[in-house]
Every structure is written in C-alpha cells, then in structure tokens.
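Read off the chains here:
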Amino acid sequence: MSEIKKFEGIELFEQTFRQQINKDSGKIENLDYLFKKKFGDGPDEWPIEPNRYRLIWMPGCPHSNKAVITWKLLGLNRVISLATAGILRTPKGWVFSEDENEEDPVLKVHYLHDIYTRTHPDYTGRSTVPTIADTQTGTAANNEPVNIPTYFATSWKPYHKENAPDLYPEDLRGKIDKANEWVTKEVNAYKCGFARSQGQYENGYDSYFDTLEKLDKHLAENRFLFGDYITLTDIHLYVALVRFYMVYYLVFRVNKKRLEDFENLWGYARDLYQTDGFRDYTKFDLIKKHYQLSPHLRALFGNEHGIYALGPDVSKWELPHGREKLSKDISKFRYEKEERLQFQHTDEKLEEAYIEEYLLNPIEQAGKATDQGEYERNYHLVFDELKELDERLGRQKYLLGEKPVEVDKKLYQILLRLDNIYYFVFKLDKAHIRDYVNLKRYVNDLTNIPVIAESIDVVKEREKFYRNQSKVRNPYHLIAKGPELQ
C-alpha cells in the first residue's frame, strides 16, 4: 500500500471533483466517461482479440469490482490481463504503486492518467477505474463502468470459458438493463457520503434506506434479483452491499441500520460472496483502507491522522446463509450452450490442445509471472480448470470416456508435477490433487496402468527441477524431499 501522505484539507476533495460539482444545486454529478468506443467487429469498434487488452482496476472501487468479478466468472482472465492500481489516489489520480518501481509492467506507466493523455494529450479531467487499455498502443479503449460487464457478457462471448454462466440472458436483457440503471441510481450511498449540505445528506439517507427496505422485501421470496440465477444486476448490487458493510455505514454516515439488520439482504450478500468468482476479488481490507485513507476521502471525513478502523468482522461473511430453500435449482447460474469444438471433448487432438491451453499454459505462466497480478490471474485459472476437470471426471472415468487414451497420460504427468513440484515452486498452493475426489480417483486408476505409471518418475523429475533452478531462485541448491507420494 502506498505511503500515507500528510493530511490535506477539504480543498483537496473539492479540487478532485471540481468538474462534477453542479454550480446550481451544489451536488456532485455523475462523470461523463471519456472512452465509449464499443467492442465488436464493426468499422468503429475495438476488435475482439485475445491477449490484446488489459483491464485496470482498483480493489476499493465498486465499479472496478463488478468488472473484475464478471471478467473472472466468464473466464476472460485467460485472454484479458489485469492491472491493479494502488488504493490511495494522488492529486494526479491512480498510481500503479504496488508494482515494481511503481510502474505497470505491461503498459509502462506510473499513473493511470498517462494512458488517458496518450489518447487525449490535453485531457485534465479525472482518470477513472475500471479502464480497459489497448496494449498495442498503450492507450485507453473504454472506461464506461456500467457497460464494461455487459461487453464482457456479449461481445467477448467467443472467449468465455467452458461452462460459463449466462449472466445476461437474452430473454431478460431489457429488464437487466433497467435494473442495473436503478441499482446504480438508488443503491447509492454516495448521495450521503459526498453530500455538501445537510439537506443533501438527509435526502440521500432517506432514499437509500427506502431502497434497501424494498430490496430486502423482494429477496424474502427470491434467491437472487431475477429468481433462481445470478445475473449482472446481482453483481452490481453485491459490490454496493459489500461496501455498505465495510465502510459506508461508518464513514458515509448511512447508519440507520447495518447490513446485518436486513435479514434477506444480509443472507443474499453472503450467498454471493460464497460463490467462486465473488470471494476471489472481494478485498475487504483494501476496501476499508481505500475509503478511510485515500487523501481526498480523508479530507472529506476529517481523518487528520490517517487512522483506519479495525472492524468490522469479515469472518461473518462465511456464515451459512440458508438461501438454497428459495431456489428450484441447486446451481446458482444458468449456463451458456457449448458450441465451440474444444469444449465438446470428443476428439483426442482437440483434447490435448484443450489441456495445454487451459491447464498447462496457466501453470507455466504462473511460474513465469513477474508481478503479483499476473501470478494471481494464472493461479485462479489453474484451479478453475482443476474444478472443471474434477466435475467432468465425476461423470466419466477418463477424459474421453471409459477407456484411457494418450491424452490421459499427458494429464496424469501434469497432475503429478503439479502436486510434487509446481505446488511449491510456482506457489500453486490452493489444493493438492488428492483434495479433489474425482481427480484423486483418476490419478489412482492411472497409476495402476503400468504403461502410464512408468511414463514419469516424479521423484527424479522433482530432483532435476530443483537442481536446475538458478542460484537466485534456489541460492543453496536445496532439493525438497516431499511431499510423501500418495
């Protein structure tokens, strides 16, 4: 986290939002976003190309958070990289303060603002997150926070992962668009937090809690906002509820009730948090420190000495929510129809390419990562794919059916290396293969087939791997003896 700077007064807050202050009402209005060019195959659209774009987020920002959760749920972390700005805004905007030399390793900039001025040299407004940058030119492609998740769900569909959730079903799109607009407008604690008069604060306070009461009543009979399945609107609401719990109640003075006092909203929020993809990119501590320590917000709330609260208790987010009873389906998602050949799992050559692209490549990229964000992105890809494989092997004995084929041998070797080498050296430490019921059975079955078991001597491979490490990576040339082979 960036160094805490000397306290600056309310003038810093006023200067930060100067272009959004309505001179007549005194309210801080919504920003008109600068980069609105769409993604698609049209003549004036950004082309859909893997490994071309970089999603820039800041963990404290709710708009960033919903973009990243959508990106993760759809598996776009395979084809769009992630850059993380530090949580403390400077007068010039967001800084890549957590990267080596405070420079984004791909875009080679210190400030997010530098990407904006590469596109518009005379731009003096605020640079905002999320922003999608084009790595070919180093310029900004899009920074519309409400639309970015929609682009991910639609324009980027050719690159969705296997079994991707349908977060934006065609039969609900009109309703989802209206609901997203309503959530953005009404579940808005900033009306209180950024109020510049008592009247503005009180109007925002009453409106905010009236809205939460309506939502709590709706969620008494619906597991999610549109029934049984999570949609983009749930992601929009979730990021706001997380911040209500962590910071808005305390620092935005929306303190009529806590999130825990709304029985259905609180259970709903925990239900979402306990879903893969939500928990991974919900950074409770960074959210809290951003709102309490960022210089312009310190000025707004008079946090002269830069002290941040020790609470609230985030362990409560792991408590059982009991909302399964509201759903007719054990799954929380609708799923997209699989129309791509690599996801049909009937051709051995395609299956080998699938294993290399979706498992072996992220393992290798995690090992090569030179910054935390790239490591984290590939870490999640590895374990997402292991989950997919475990579920598939719960339905059939081997990759392509009831008999092993050559690609099963390749996967067997990768899984043994993952448990005995990559887990430790590449820091891929979420779980061992033996922690997955079906993958464990699969490996044990293949171990009983001599031609496959004899294709790899994992002890020798482990020793060779450690011995060949550089002096920087392994300064004393130590060779790990474990883990004990299962």
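The coordinates are above.
Cut-offs used in this document
Residues numbered from 1 in each chain as written. Predicted model: local features only at pLDDT ≥ 70, side-chain atom pairs only at ≥ 80, totals over all residues. Heavy atoms only, no water. Helix = DSSP H or I, 4+ residues; strand = E, 2+ residues; numbered from the N terminus. Rg over C-alpha atoms; globule rule 2.2 N^0.38 Å. Buried < 20%, exposed > 50% of the residue type's maximum accessible area, 1.4 Å probe, protein only. Contact = heavy atoms within 4.5 Å. Areas by Shrake-Rupley, 256 points an atom, 1.4 Å probe, with all protein chains shown as cover. Lys, Arg positive; Asp, Glu negative; His and termini not counted. Charge placed at Lys NZ, Arg CZ, Asp CG, Glu CD. Phe/Tyr/Trp six-rings, centres within 6.5 Å; stacked < 30°, edge-to-face > 60°. Lys NZ or Arg CZ within 6 Å of the ring centre and 35° of its normal. Salt bridge = Lys/Arg side-chain N within 4 Å of Asp/Glu carboxyl O. Axes fitted to C-alpha atoms, helices over the stretch in contact; angles between N-to-C directions. Parallel < 35°, antiparallel > 145°, perpendicular 65-115°, else oblique. Left-handed = near helix turned anticlockwise from the far one by under 90°. Nonpolar A, V, L, I, M, F, W, Y, C, P; charged D, E, K, R; others polar. Pairing = 2+ DSSP bridges. Expected span 1.5 Å × (residues − 1). Bend = angle between axes of the 7 residues up to and from the residue. Disulfide = S-S within 2.5 Å.

A. Expanded view of the overall build of the protein. Scanning the protein for helices and strands turns up 17 helices and 4 strands. At 24 Å, the protein has a C-alpha radius of gyration in line with the 23 Å of a compact globule built from 486 residues. Taking the principal axes of the C-alpha coordinates as reference, the protein spans close to 80 × 55 × 50 Å. Residues classed as buried in the protein amount to 54% of the 486 residues present. In the protein, the proportion of contacts linking residues at least 24 apart, taken out of those at least 6 apart, comes to 71%. For the protein, the exposed surface amounts to about 23100 Å²; the carbon and sulfur share of it is 48%. Charged side chains in the protein number 71 positive and 78 negative. The centres of these two groups are separated by 2 Å.

B. Seen up close, the packing of aromatic side chains. Throughout the structure, instances matching the rule amount to 46 aromatic pairs. Centroid distance Trp156 to Tyr159: 6.1 Å. Interplanar angle 55 degrees. Geometry classified as tilted. Looking at Trp156, the relative accessible area reads 1%, which means it is buried. Connected via pairs of aromatic rings, a cluster forms that spans Phe13, Phe17, Tyr190, Phe194, Tyr248, Phe252, Tyr291 and Phe301. Stacked on the ring of Phe262, the Lys or Arg Lys257 has its end atom at 5.0 Å from the ring centre. One cation-aromatic arrangement involves Arg279 over Tyr273; the distance from NZ or CZ to the ring centre is 5.0 Å.

C. Broad picture of the pattern of salt bridges. Tallied over the full model, the rule gives 29 salt bridges. Lys257 is the partner of Glu213 in a salt bridge, and the nearest nitrogen-oxygen pair spans 2.8 Å. One end of the pair, Glu213, is in helix 7 (residues 198–218); the other, Lys257, is in the loop between helix 8 (232–251) and helix 9 (263–273), with 44 residues separating them in the sequence. Taking relative accessible area as the criterion, Glu213 reaches 33% and is therefore assigned partly exposed. One salt bridge in this structure joins Asp285 and Lys288, with 3.9 Å as the shortest N-O distance. Taken together, the residues Asp285 and Lys288, both in helix 10 (residues 284–293) and 3 residues apart, mark about one turn of the helix. One salt-bridge network, held together by shared partners, links Arg258, Glu260, Asp261 and Lys316.

D. Molecular detail of the packing of helix 7 against helix 8. Orientation of helix 7 relative to helix 8, taken along the N-to-C sense of each, is 125 degrees, at an axis distance of 14 Å. One finds that helix 7 runs oblique with respect to helix 8. Taken as a pair, helix 7 and helix 8 cross one another with a handedness that is left-handed. Here helix 7 contributes Tyr208, Phe209, Leu212 and Leu215 to the contact with helix 8, which in turn contributes Leu237, Leu241, Phe244 and Tyr248. By residue class, the composition of the contact of helix 7 with helix 8 is 8 nonpolar, no polar and no charged.

E. How the structure looks around the sheet that holds strand 4 (residues 139–142). Strand order across the open sheet formed by 4 strands is 2-1-3-4, with mixed pairing between neighbours. The open sheet terminates on both sides in strands that have one partner only, identified here as strand 2 (81–84) and strand 4. Ignoring which end each strand starts from, the neighbouring axes of this sheet average 40 degrees apart. Alignment of strand 1 (residues 53–57) against strand 2, held across 4 bridges, turns out to be parallel.

F. Structural detail: helix 12 (residues 348–368). Relative to the 30 Å expected for 21 residues at 1.5 Å per residue, helix 12 spans 28 Å between its end C-alpha atoms, a close match to the ideal helical length. Maximal helix bending in helix 12 amounts to about 35 degrees, located at Leu360; proline Pro362 follows within four positions. Taken as a whole, helix 12 has its buried residues at Glu351, Tyr354, Ile355, Tyr358, Leu359, Leu360, Pro362, Ile363, Ala366 and Gly367. Buried positions along helix 12 lie against helix 13 (372–392) and helix 14 (406–425).

G. Representation of the environment of Asn222 in the model. Take Asn222: it is sitting in the loop between helix 7 and helix 8. The class of Asn222 is partly exposed, set by a relative accessible area of 22%. Each C-alpha atom, one on Asn222 and one on Tyr268, is 9.4 Å from the other, the two residues being 46 residues apart in sequence. Those residues in contact with Asn222, other than ones at most four positions away along the chain, are Gly227, Arg323 and Leu326.

H. Geometry of the state of the cysteines. Overall, the coordinates contain 0 disulfides when judged by the stated rule. Cys61 takes part in no disulfide bond, and the closest cysteine sulfur to it belongs to Cys192, at a distance of 19 Å.

I. Region of the structure containing unusual backbone geometry. The linkage connecting Val129 with the following residue, Pro130, adopts the cis geometry, with an omega of 0 degrees. Positionally, Pro130 belongs in the loop between helix 3 (113–119) and strand 3 (131–134). Of the consecutive residues Gly482 and Pro483, the connecting peptide bond is found in the cis state with omega at 5 degrees. Looking at the secondary structure, you find Pro483 in the segment after helix 17 (458–467). Even without being glycine, Asn163 reaches a positive phi, approximately 60 degrees. Looking at where Asn163 falls in the secondary structure, it is placed in the loop between helix 4 (147–153) and helix 5 (173–186).

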